[in-house]
There are 2 protein chains.
Amino acid sequence: MPNLSPYHFITEKQSGREHLAADIAAFIDGFVKGRIPDYQMTAWMMAVYFKGMTSSETLALTEAMLRSGETVTHDSLLNPIVDKHSTGGVGDKITLILAPMLAALGLAVPTITGRGLAFTGGTTDKFNSIPGFRSEMNLDDFKHQVADIGLAFVSQSSSLAPADGRMYALRDVTGTVQSLPLIISSILCKKIAEGIQGIVFDVKCGSGAFMDRVPYARQLAEGLVHVGTSYGLDSVAVITRMDTPLGLAVGNWLEVIESVRYLRAETTPPDLHELTLSLGSALMQQVGAVKHANEARAKLEQVRDSGHAWERFQSAVERQGGDLRTLDTLEHPLKPQCKSGLEAPKDGIIHAMDAREIGFAAVDLHAGRRRVDDEIDPTAGIVLHRKTGDRVTKGDLILEVQAADQELCDQALQRARSAITIKEHQPTADPLIVEVVTPEGTMPAAQYFSA
Amino acid sequence: MPNLSPYHFITEKQSGREHLAADIAAFIDGFVKGRIPDYQMTAWMMAVYFKGMTSSETLALTEAMLRSGETVTHDSLLNPIVDKHSTGGVGDKITLILAPMLAALGLAVPTITGRGLAFTGGTTDKFNSIPGFRSEMNLDDFKHQVADIGLAFVSQSSSLAPADGRMYALRDVTGTVQSLPLIISSILCKKIAEGIQGIVFDVKCGSGAFMDRVPYARQLAEGLVHVGTSYGLDSVAVITRMDTPLGLAVGNWLEVIESVRYLRAETTPPDLHELTLSLGSALMQQVGAVKHANEARAKLEQVRDSGHAWERFQSAVERQGGDLRTLDTLEHPLKPQCKSGLEAPKDGIIHAMDAREIGFAAVDLHAGRRRVDDEIDPTAGIVLHRKTGDRVTKGDLILEVQAADQELCDQALQRARSAITIKEHQPTADPLIVEVVTPEGTMPAAQYFSA
């Protein structure tokens, strides 16, 4: 039977009928090869936004996008090949920390990193703030680095799942970024192309995440685990709160500093530590590297405290051209020309520190992009001196912003000020780790980690 | 306040919020001027398909599309300037008949005609089957012809509402043809650009129409009358059945023959006659040319029987280059190479003659287009010898098809056969004229025409 015409393919979705896998494959192939124009792709994606996709359709879409490009295979590796994915947050430097910890524990971690989006930071941008670091490399070099040091950070390339790059660019300007099946297929086609065997998804919900409600995050988490599992990946998703920035640094080089100091065991921000251990242990348990999550937590703490993770991080950075001396001294050759502090306007307790607004304040400072071709200032960003739940006295320094000039700092400070609420009582503390989704089901985090 | 970015404009509609008129104007203007790409337009139109538009939004969209091009003004004319629009049917040649009747009664009828779509015929294609006829002309010639003869048929040009042509082409390939606000604005931007003062809409429902259900047709009719009235047009819509082809001919030149013979009072197919009088009298009453619809019916019958409408038709055709001798003899220089008849397979009563399938059978014969650039065979088509409700004896000729070769005829005959149901009892007769929609409200046709 011949495939549906693009027109009938669009109207099939529009009327809520289910696509055949072969028709999805033909549509994506036609798009990648230029036979199907952008304007039919965006109309179809808008119909998907409204009508959704079944699990089988999402799987078929992932497959079609995966097949649009090359896939990496790590034939010579015996250790489990794993990765971690975050749906994006503010101050989220977990990849910089967890990937070397896992590598130091003997897992191979070939990571494809992305750029920052809207108010969220991107791992590619963070690595690129290290002087000399090259986040682009060809697939052969990528494979060799993973084989040699078990760890590589490569920015999304056009040879892996090229359909995704083009579809994402169109979604970004036509309002279809927030479609579950499009999110799921976009994430997984790239992860599967990396050649991994196991993955942990950090699905964030809250003001500083693209999803603010738990039920929606749960749907995404379940979809990611379903499609990942269908591809034979050991998959687990952890739903986590992102209402307040993670750790104490927001901004690329500032987050590298925080990550390095964490890896060197000089600092241990509780939320960063907890999330790193939770994601790492869920992944290790899922791939069968440990029997119980608790065992994994102990190993992860050990591999940090021993300095092995820090060594592995340096090896990867060095291999990718990064300047180890700068990492060592944490003195960036570029200096922000301007710093300003935000002081507590009254006594009380920090009731909320809206992560989305803090994220946008960082964009104001040029730590992120307003437009795709905006230049990033590597050292711009925000350092938090207080976090949600902390008591402050009028005049206490809550946070500092730094950027290239005073105007940027003033603008960001104004935004940061509006992000912070001070009240007389403690806020209700939402747990950082909400739920865990495995192929067997969804359960509260406490239940999963105590099992 | 600056206008919304295209992205925010799309997401505003996506989330069901109402657009500001200024933002709609900016979006359409940006599209026409090439600042907004097709892929954002199709995404927005798909969002409109799902979320609809309010009356004010539809009005603003019509205005924006109207302003994308020129508008005609008929300054020197004192007679009411009117037009008629049909949402499209099978065998629908009413424009060819009613326009010259209205012109002969002293109204001015500047008609912009369209091409056939899917299974429905197009008035442009019908006129183009007359040897020598030119359906394209510039706006000055159009105005002069209307001033001189009160009647002109021009095919949609790129100078009137160019936004519509481009948006329609995109809707056609992305499944958004069936969106009420997009239909309403598309129809009205062109009609308003013609410079008319009054209009009657023939909103068809049934198997041979784009809308099969009355409630949906009513929504469209009410929307058309609302927007028309907002522009100061005397507007009335008549909801009519299109379950079976109108008259006895389907196909371009065959429909010209039927129209000419009707205008010469040589033939009076009851459904064609009834629909012509109903639409004509509703329009004449709405523009105040008569006090009561019955008065208009009498005038319309008179202007046909007197031959004045036929004269007016010939004047317009001659002015547009058409060969009057062919019209006179009704002998087309091209002859179909093949004719085949469909005979009744058994005794009984024709219970149904599915207009959509008959329309597609005409497309099979090349009386219509499968693709936009298909060539039309002017003399191809179908002549009905029996209609729904007629008694037949086995072997009676029900219809004849004609085309360029036997293969086309065989294919069309097979489809036509499946369109016809013969039973032993009479079908329930749905009235041809269902409802009338005026700015004052919607009422059953019987009530309107007896008032």
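These numbers come from a predicted model, not from an experiment.

Undergrad: Could you clarify how one ought to interpret the sheet that holds strand E8 (residues 348-353) of chain A in this entry?
TA: Each strand in a sheet pairs with another by means of backbone hydrogen bonds, the pair being arranged parallel or else antiparallel. All names here are of chain A. Taking strand neighbours across the sheet as the criterion, the three strands line up as E10-E8-E12 in an open arrangement whose pairing is antiparallel. The two strands at the open ends of the sheet, each matched to only one other strand, are strand E10 (391-392) and strand E12 (420-423). In this sheet, E12 lies alongside E8 in antiparallel orientation, the contact comprising four bridges. The residue bridging isoleucine 350 from the neighbouring strand is isoleucine 422, located in E12. Lying over the sheet, helix H17 (residues 406-419) contacts E8 and E12, oriented at roughly 40 degrees with respect to E12.

Undergrad: Can you help me understand the domain arrangement of chain A in this one?
TA: One frequent convention defines the size of an interface as the accessible area lost when the parts assemble. Residues and elements named next belong to chain A. Domain parsing of chain A yields domain 1 (6-52), domain 2 (82-328 + 432-450) and domain 3 (338-423). Its C-alpha centre places domain 1 at a distance of 31 Å from the equivalent point of domain 2. Across the contact, 12 residues belong to domain 1 and 12 residues belong to domain 2. In total, about 1,100 Å² of surface goes out of reach between domain 1 and domain 2, with carbon and sulfur atoms giving 80% of it. It is Phe31, Met45 and Tyr49 that lose the most area in domain 1 upon contact with domain 2, and together they represent 46% of the buried surface on that side.

Undergrad: Which parts of the structure should I look at to understand the pairing of strand E11 (residues 397-403) of chain A?
TA: A regular strand places its side chains so that they alternate between the two faces of the sheet. All names here are of chain A. Buried residues dominate E11, accounting for five of its seven residues. Inspection of the sheet shows strand E7 (residues 338-343) paired to E11 by six bridges, in the antiparallel sense. Bridging from a neighbouring strand, glutamate 343 pairs with leucine 397 of E11. Both strand E9 (residues 381-384) and E11 contribute to a ladder of four bridges, which runs antiparallel. The residue of E11 that forms the bridge with glycine 381 is glutamine 402.

Undergrad: Hey, could you run me through the relation of the copies chain B and chain A in this one?
TA: Two copies of a chain can be linked by a rotation about an axis combined with a shift along that same axis. In screw terms, the move from chain B to chain A is a rotation of 180 degrees and a rise of 0.1 Å along the axis, fitting with an RMSD of 0.1 Å. Interpreted geometrically, this transformation is the action of a two-fold axis. Of the C-alpha atoms belonging to chain B, the one lying closest to the rotation axis is found on tyrosine 39 of chain B, 1.9 Å away. When the interface residues of chain B are mapped onto chain A, 100% of them again lie at the interface, so the same face is used by both copies.

Undergrad: When you look at the interface of chain B and chain A in this model, what are you seeing that I'm missing?
TA: Each partner contributes residues to the interface: chain B has 20 residues there, and chain A has 20 residues. Note on chain B versus chain A: buried area summed over both sides is about 1,700 Å², and carbon and sulfur give 72% of it. Among the residues of chain B in contact with chain A, Gln14, Tyr39 and Phe50 of chain B are the three that bury the most area, contributing 35% of the side total. Summed over the shared surface of chain B and chain A, the result is zero salt bridges. Linking chain B with chain A are seven residue pairs in polar contact (both at pLDDT 80 or more), by the criterion used here.

Undergrad: Looking at this structure, I do not really get the sheet that holds strand E8 (residues 348-353) of chain B. What am I missing?
TA: All names here are of chain B. Read across the open sheet, the three strands follow the order E10-E8-E12; overall the sheet is antiparallel. This sheet does not close on itself; its edge strands, each paired only once, are strand E10 (391-392) and strand E12 (420-423). Docked against the sheet, helix H17 (residues 406-419) engages E8 and E12, running at close to 40 degrees with respect to E12.

Undergrad: Is there a simple way to explain unusual backbone geometry in this structure?
TA: Across residues other than glycine, the phi torsion is negative in most instances, and most of the peptide bonds are trans. Residues and elements named next belong to chain A. Residues other than glycine seldom take positive phi values, yet alanine 161 does so here, at roughly 45 degrees. Structurally, the position occupied by alanine 161 is in the loop between strand E3 (151-155) and helix H8 (162-174). The exposure class of alanine 161 is buried, given its relative accessible area of 0%. The backbone of histidine 366 shows a phi angle near 80 degrees, a positive value even though the residue is not glycine. Looking at where histidine 366 falls in the secondary structure, it is placed in the loop between helix H16 (355-364) and E9. Relative accessible area serves as the criterion here: at 32%, histidine 366 is assigned to the partly exposed category.

Undergrad: Is there a simple way to explain the pattern of salt bridges in this structure?
TA: Oppositely charged side chains can pair when the atoms bearing their charge come close. The final tally for this structure, using the stated rule, is 52 salt bridges over all chains. The shortest N-O distance in the salt bridge between glutamate 274 of chain A and arginine 297 of chain A comes to 2.9 Å. Taken together, the residues glutamate 274 of chain A in helix H12 (residues 270-286) and arginine 297 of chain A in helix H13 (residues 293-305) connect sequence positions 23 residues apart. Among the ionic pairs, aspartate 29 of chain B bridges to lysine 33 of chain B, the shortest N-O distance being 3.0 Å. Accessibility expressed as a relative area gives 31% for aspartate 29 of chain B, which makes it partly exposed. Take lysine 33 of chain B: its relative accessible area is 55%, and that puts it in the exposed class. Several salt bridges converge on common partners, so that one network encompasses Glu357, Asp364, Arg370 and Arg415 of chain A.

Undergrad: Would you explain helix H10 (residues 214-230) of chain A in this entry?
TA: Every α-helix carries 3.6 residues per turn, so stepping three or four residues along brings you back to the same face. All names here are of chain A. Helix length check: H10, at 17 residues, gives a terminal C-alpha distance of 24 Å against a target of 24 Å (1.5 Å per residue), a fit within 8%. Residues of H10 that are buried: Val214, Ala217, Leu220, Ala221, Gly223, Leu224, Val225, Val227 and Gly228. Positive phi appears at glycine 232, one or two residues downstream of H10, with a value of about 80 degrees.

Undergrad: Help me out: how do you make sense of the packing of aromatic side chains in this one?
TA: By convention here, two paired aromatic rings are described through the distance between centres and the angle between planes. Residues and elements named next belong to chain B. All told, the structure shown has 23 aromatic pairs over all chains when counted by the stated rule. Ring centres 6.1 Å apart and planes at 25 degrees place the aromatic pair tryptophan 310 and phenylalanine 313 in the stacked group. One end of the pair is tryptophan 310 and the other is phenylalanine 313, both in helix H14 (residues 308-319) and three residues apart, which spans about a single turn. For the pair shown, tryptophan 310 and phenylalanine 313 are each scored as buried.

Undergrad: Looking at this model, I keep getting lost on the packing of helix H3 (residues 38-51) of chain A against H8 of chain A. Mind explaining?
TA: The geometry of a pair of packed helices is captured by two quantities: the angle between their axes and the separation between those axes. Residues and elements named next belong to chain A. It is the contact of H3 with H8, at a shortest axis distance of 10 Å, that shows an interaxial angle of 65 degrees. In terms of their interaxial angle, H3 and H8 are classed as roughly perpendicular. Considering only the axes of H3 and H8, their crossing is right-handed. Residues Asp38, Met41, Thr42, Trp44, Met45 and Met46 of H3 pack against Arg166, Met167, Leu170, Arg171 and Thr174 of H8.

How each quantity is defined
Residues numbered from 1 in each chain as written. Chains lettered and ligands numbered in written order. Predicted model: local features only at pLDDT ≥ 70, side-chain atom pairs only at ≥ 80, totals over all residues. Heavy atoms only, no water. Pairing = 2+ DSSP bridges. Helix = DSSP H or I, 4+ residues; strand = E, 2+ residues; numbered from the N terminus. Contact = heavy atoms within 4.5 Å. Axes fitted to C-alpha atoms, helices over the stretch in contact; angles between N-to-C directions. Domains from an automatic or database assignment. Buried area = accessible area lost by both parts, 1.4 Å probe. Buried < 20%, exposed > 50% of the residue type's maximum accessible area, 1.4 Å probe, protein only. Least-squares fit on C-alpha atoms with pLDDT ≥ 70 in both. Salt bridge = Lys/Arg side-chain N within 4 Å of Asp/Glu carboxyl O. Polar contact = N/O pair within 3.5 Å; in protein donor to acceptor, adjacent residues only side chain to side chain. Expected span 1.5 Å × (residues − 1). Phe/Tyr/Trp six-rings, centres within 6.5 Å; stacked < 30°, edge-to-face > 60°. Parallel < 35°, antiparallel > 145°, perpendicular 65-115°, else oblique. Left-handed = near helix turned anticlockwise from the far one by under 90°.

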